Amino acid sequence: MINRRSFGKALGVGTGAAAVSLAGLQGLQTASAVTRSASAVSTVPTVVPGAHTTFPQLQQIRAGLLSVGYAELGPAHGPVVICLHGWPYDIHSYVDVAPLLAEEGYRVIVPYLRGHGTTRFLSDRTFRNAQQSAIALDVIALMDALKIERAVLAGFDWGSRTADIVAALRPERCRALVSVGGYLITNLAANLKPLPPTAEHAWWYQYYFSTERGRLAMEDKTLRHDLTRLVWDTVSPTWDFDDATFERTAAAFDNPDYAAVVIHNYRWRLSLADGERRYDALEKRLATRPVIEVPAITLDAERDPFTAPGNGASYRDRFTGKYEHRTLPGIGHNLPQEAPTAFAQAVIDVDRF
């Protein structure tokens, strides 16, 4: 198997923290022709990815169906930014981003999603549901519990989808949006249609999780560890992370509900697992592909195999408010951790629109 270093050399892309940081900063000046003119002026100090390794002591709060574990940085009365992680990742995707935003005066909340880290279901009887609307309502419940009326929502992967949903359906709670990958709201009917083979290939684990073998692998700690590490290696081919970086995140996968939540998420997306009727009305609204009216910046990671072609053109019509699109060259799927300066700058810029 080609390792990250040789893969990067074959593409002509440097590896290592300095090269990734440079690529992230260059991405600030790359805007699609279908977006407003780029006007960002860097105000965030450049941080080398991996400069921080830990958060302050985590906090815990009852919110909706969950006891949510989260990190909090910055002044208690600052404008709020909620950073949402994806799969197979955790809050450490923002371990460099959060201090940057806190230094700019933001109150930064970084929660573990359901089934991850210290977040727990309050009842053993609650279905371990991971359909998109359920996770989005978790964020609203967390905001309610923390008495946060409005926040900038920023995310990637599952986090982008969740932030997109809140922005689309509850815009009064979202002052602005940073969404890696653009418009990721799932349409179940559209998901039944096959993709081009190269795109299907990148989703190999989605199909694996549709099988009993895949479910058993996720329940086995060793196999789960190795599978998620393989995903990290393949979707971030230019990120020269070390073993300790992965292990800090992998600890979040030992949550007792992790396997059930992950398996349900991917099976639900393919209509192979049912959601809950309590969310039917929300899912019907999401199936219409509602537009997002709040100010938004979308970020594309050039080396992410899931980045849609067209430099954001495929979802441009879903954003009807003030908008900007940026592509970050040389960056893979875990964009906030690979290019924290560029991600933090996007949050600050969108809040100034």
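The coordinates are above.
Scope of this entry: the structure provided in the associated data block. Because the structure is a prediction, the values reported are computed rather than measured. (Residues numbered from 1 in each chain as written. Predicted model: local features only at pLDDT ≥ 70, side-chain atom pairs only at ≥ 80, totals over all residues. Heavy atoms only, no water.)

Structural notes on the pairing of strand E8 (residues 296-301)
The line we're drawing: The rule is simple: take the accessible area with a 1.4 Å probe, protein chains only, and divide by the maximum for that residue type; under 20% is buried, over 50% is exposed, in between is partly exposed. Under the DSSP-based scheme used, a helix requires at least four consecutive residues in state H or I and a strand at least two consecutive residues in state E, with every element numbered from the N terminus. Pairing between strands is defined by DSSP: at least two bridges between the two strands are required.
The element E8 is largely enclosed, with a buried count of six among its six residues. A two-sided burial pattern is seen for E8, the buried positions comprising Ala 296, Thr 298 and Asp 300 on one face and Ile 297, Leu 299 and Ala 301 on the other. Strand direction decides the pairing type here: strand E7 (residues 174-180) and E8, joined by four bridges, are parallel. Note that in E8 the partner of Ser 179 across the bridge is Thr 298. In this structure, E8 lies alongside strand E9 (residues 323-328), joined through six bridges in parallel fashion. Its bridge partner being in E9, Ala 301 is matched across the sheet by Leu 328.

Considerations on the environment of Pro 329
Relative to the helices and strands, Pro 329 is located in the loop between E9 and helix H14 (335-338). By relative accessible area, which is 23% here, Pro 329 ends up partly exposed.

Quick notes on the pattern of salt bridges
This is how it is decided: In what follows, salt bridge is the name for a side-chain nitrogen of Lys or Arg lying within 4 Å of a carboxyl oxygen of Asp or Glu.
Summed over the entire model, instances satisfying the criterion amount to 17 salt bridges. Residue Asp 233 pairs with Arg 229 through a salt bridge whose shortest N-O separation is 3.4 Å. Note that Asp 233 and Arg 229 are positioned in helix H10 (residues 221-235) at a spacing of four residues, about one turn of the helix. Among the salt bridges present, the one from Asp 243 reaches Arg 229, with a minimum N-O distance of 3.1 Å. With Asp 243 in helix H11 (residues 243-250) and Arg 229 in helix H10, the pair connects residues that are 14 residues apart, well separated along the chain. One salt-bridge network, in which partners are shared between bridges, spans Glu 212, Arg 215 and Glu 219.

Quick look at the environment of Gln 345
Here Gln 345 is to be found in helix H15 (residues 340-350). On a C-alpha basis, the gap between Gln 345 and Thr 43 in space is 7.1 Å, while along the polypeptide they are 302 residues apart.

Observations concerning empty space enclosed by the protein
What counts is decided by this rule: Grid points spaced at 1 Å and placed over the protein atoms alone form the basis of the search, with a cavity being a set where a 1.4 Å probe fits but cannot get out and a pocket an open set showing protein on both sides within 12 Å along at least five of seven lines. Lining residues have an atom within 4 Å of a point. Grid points are joined across faces, edges and corners, and a volume is the space filled by probe spheres set on the points. Here the nonpolar group is Ala, Val, Leu, Ile, Met, Phe, Trp, Tyr, Cys and Pro; Asp, Glu, Lys and Arg are the charged ones; every other residue, Gly included, is treated as polar.
In the structure shown here, the tally under the stated rule is two cavities of 30 Å³ or more. Computed from the structure, the largest cavity encloses a volume of approximately 80 Å³. Surrounding the largest cavity, Leu 66, Val 68, Pro 111, Tyr 112, Leu 113, Arg 114, Ile 135, Asp 138, Val 139 and Leu 142 form its lining. The leading source of residues in the lining of the largest cavity is helix H4 (residues 132-145), at four residues. Broken down by class, the residue content of the lining of the largest cavity amounts to eight nonpolar, no polar and two charged. The volume enclosed by the second largest cavity comes to roughly 70 Å³.

Some words on the side chain of Arg 173
Selection rule: Whenever a nitrogen or oxygen atom comes within 3.5 Å of another N or O atom, the pair is scored as a polar contact, on the condition that within protein one atom can donate a hydrogen and the other can accept it, and that pairs from neighbouring residues in sequence are kept only if both atoms are in side chains.
You can see Arg 173 is positioned in the loop between helix H5 (158-169) and E7. On the accessibility criterion, Arg 173 (7% relative accessible area) is buried. A distance of 2.9 Å separates the side chain of Arg 173 from the side chain of Asp 144, its partner in a polar contact. Of the polar contacts made by the side chain of Arg 173, one reaches the backbone oxygen of Glu 149; its length is 2.7 Å.

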